[in-house]
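One letter stands for each residue in the lines below.
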Amino acid sequence: DAGVTQSPTHLIKTRGQQVTLRCSPKSGHDTVSWYQQALGQGPQFIFQYYEEEERQRGNFPDRFSGHQFPNYSSELNVNALLLGDSALYLCASSPGNRGQVKLFFGSGTQLSVL
Amino acid sequence: SQELEQSPQSLIVQEGKNLTINCTSSKTLYGLYWYKQKYGEGLIFLMMLQKGGEEKSHEKITAKLDEKKQQSSLHITASQPSHAGIYLCGAQTGTYKYIFGTGTRLKVLA
C-alpha cells in the first residue's frame, strides 16, 4: 500500500517564476492538505482539498492555488515566486470524515527560490 | 487564533538519558498529535491524545495530556540515537485545519 507520494523532491526556481508541485494521497484517502514549512519552523497550513474543491484556506496569498483531480491527487501552484517562498512543501492526506483525523504526510518537496 | 508553543526548542542528550518535551496550547485542545520529523523529510505520526489525563506509550515514548487539556508532554526513556529528529506537536482547529508547534530539535550523542 503506497503512502503519500510527492514530486519532485527538490526544485530550484528564480524569482518571478511559477512552480507546480504534485501529490498522490494514501490509498483510501480523499482529502489532501498542503503545508509550507520554512527552515526551523513548524508546518503552516496552506489549504485543503476535498471533492475537487478548496474546503479551507490558511493565511496565504492568492499566488498560492491548488487543484484536486477525480482520482484525489492534487497540485499546488505558486505564481510570481518570491525568495520567501523557499521552504519544504508538505502534502498530507486523510479520510474526508469530520472529527479528529490523523494526517499522513509525504516526504515533501524542497523548493529553493534564487 | 490558537497557537502551540513547544519547549525546549532544542535538546542535546547523552544516549541512555531520559528527556521531556512540552507543548502548551493557548486554547483548550480537542485532540493533540505528536509527530516526528527527520530533517528535510515528512512527518511521521507518533500518538494522538484526546481525553484530559490521557496517557499513551509506544516503545520508549510516552505522551500525556493534562486534565485541563491545554498542555501535553512527550517523554523518552533511555534515549537512543534513533530518537534524534524534530518532534512536533499538532492540533486540529476547527473542522479541517491543523496547526503545529515550532518543533523541538533532539540530538542524541552516542
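Below, the structure is looked at part by part. This is a predicted model, so every value here is computed, not measured.

Here the structure, examined in full by the defined rule, presents 12 aromatic pairs over all chains. Ring centres of phenylalanine 47 of chain A and tyrosine 49 of chain A lie 5.3 Å apart, and the angle between their planes is 90 degrees; on these two criteria the pair is classed as edge-to-face. Its relative accessible area of 0% is what places phenylalanine 47 of chain A among the buried residues. Taking 5.9 Å as the distance between ring centres and 75 degrees as the angle between the ring planes, the aromatic pair formed by tyrosine 35 of chain B and phenylalanine 45 of chain B counts as edge-to-face. Here the residue tyrosine 35 of chain B occupies a position in strand β4 (residues 32-37), and phenylalanine 45 of chain B occupies one in strand β5 (residues 43-49), the gap between them amounting to 10 residues. The class for phenylalanine 45 of chain B is partly exposed, based on a relative accessible area of 26%. By way of ring pairs, the aromatic residues Tyr35, Phe45 and Phe105 of chain A together with Tyr33, Tyr35, Phe45, Tyr98 and Phe100 of chain B are connected into one cluster.

What follows covers the nonpolar core. Core analysis: the biggest nonpolar cluster contains 23 residues, and Leu4, Leu19, Leu32, Trp34, Leu74, Tyr87 and Leu106 of chain B have the highest contact counts within it. For this core, the secondary structure elements donating two or more residues are β2 (10-14), β3 (19-25), β4, β5, β7 (61-65), β8 (71-76), β9 (85-93) and β11 (104-109) of chain B. Dropping the residues within four chain positions of it, leucine 106 of chain B is found in contact with Leu11, Val13, Leu19, Tyr39, Ile76, His83, Ala84, Gly85 and Tyr87 of chain B. Counting 20 residues, the second-largest nonpolar core is a separate cluster that includes Val4, Trp34, Phe47 and Leu111 of chain A.

Reading guide: rules and limits
- Residues numbered from 1 in each chain as written.
- Chains lettered and ligands numbered in written order.
- Predicted model: local features only at pLDDT ≥ 70, side-chain atom pairs only at ≥ 80, totals over all residues.
- Heavy atoms only, no water.
- Phe/Tyr/Trp six-rings, centres within 6.5 Å; stacked < 30°, edge-to-face > 60°.
- Buried < 20%, exposed > 50% of the residue type's maximum accessible area, 1.4 Å probe, protein only.
- Helix = DSSP H or I, 4+ residues; strand = E, 2+ residues; numbered from the N terminus.
- Core = buried A, V, L, I, M, F, W, Y, C linked by side-chain atoms within 4.5 Å.
- Contact = heavy atoms within 4.5 Å.

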